[in-house]
Amino acid sequence: YGRRDMSIERLTRSDGRAVYVVRWYDSGRGSARRKRTFDRRKDAEFFEASLRRARQLGQLSSGVIGSGAAGRNHGGTTRAAAAAALAALKIETVAA
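First, a word on what this report is: a plain description of the structure on this page. Because the structure is predicted, anything quoted here is derived from the model rather than measured.

With respect to the pattern of salt bridges
Consideration 1: Under the counting rule described, the total for this entry stands at six salt bridges.
Consideration 2: Its salt-bridge partner being Arg 23, residue Glu 9 comes within 3.1 Å of it at the nearest N-O pair. One end of the pair, Glu 9, is in strand E1 (residues 6-12); the other, Arg 23, is in strand E2 (residues 18-25), and 14 residues separate them in sequence.
Consideration 3: Among the residues examined, Glu 9 registers a relative accessible area of 32% and is labelled partly exposed.
Consideration 4: The class for Arg 23 is partly exposed, based on a relative accessible area of 33%.
Consideration 5: Here Asp 43 makes a salt bridge to Arg 40, at a shortest N to O gap of 2.8 Å.
Consideration 6: Through salt bridges with shared partners, a single network forms among Asp 15, Arg 17 and Asp 39.

Describing the nonpolar core
Consideration 1: Core analysis: the largest hydrophobic core is formed by nine residues, namely Met 6, Ile 8, Tyr 20, Val 22, Trp 24, Phe 38, Ala 44, Phe 47 and Leu 51.
Consideration 2: Elements supplying a minimum of two residues to this core: E1, E2 and helix H1 (41-57).
Consideration 3: Residues contacting Ile 8, with those up to four places away along its chain left out, are Tyr 20, Val 21, Val 22, Arg 41, Ala 44, Glu 45 and Glu 48.

Quick notes on H1
Consideration 1: The end-to-end C-alpha distance of H1 is 24 Å, a good match for the 24 Å that 17 residues give at a rise of 1.5 Å each.
Consideration 2: For H1, the full list of buried residues reads Ala 44, Phe 47, Glu 48, Leu 51 and Ala 54. Across the axial projection of H1, the buried residues extend over an arc of 125°, all falling on one side. The exposed residues of H1 that point more than 90 degrees off its buried face are Lys 42, Phe 46, Gln 56 and Leu 57.
Consideration 3: Where the residues of H1 are buried, they touch E1, E2 and strand E3 (33-38).
Consideration 4: Phi for Gly 58, located one or two positions after H1, is positive at around 85°.

About the criteria used
- Residues numbered from 1 in each chain as written.
- Predicted model: local features only at pLDDT ≥ 70, side-chain atom pairs only at ≥ 80, totals over all residues.
- Heavy atoms only, no water.
- Salt bridge = Lys/Arg side-chain N within 4 Å of Asp/Glu carboxyl O.
- Helix = DSSP H or I, 4+ residues; strand = E, 2+ residues; numbered from the N terminus.
- Buried < 20%, exposed > 50% of the residue type's maximum accessible area, 1.4 Å probe, protein only.
- Core = buried A, V, L, I, M, F, W, Y, C linked by side-chain atoms within 4.5 Å.
- Contact = heavy atoms within 4.5 Å.
- Expected span 1.5 Å × (residues − 1).
- Arc of directions from axis to C-beta.

Following this line, the structure appears as structure tokens:
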């Protein structure tokens, strides 16, 4: 609990522009350190919140977050379509 796994840092670029850097670790000791840069603090906070939520939900890779690939598997099926198929299967099983 003493170490934060994520942080938002404000940096000033050489042209005077302020940017916000989100830094995080993928998992525990010895894991990769990652960072992503944003122009607005709100965007950095939103990204940090999405990382925290993904970790709480147990998603496998934090690199997938924000890439648009989070809702798809390798076959191209969306989570919504998979959930609908599973719901239909449960209804058929209960009815049988």
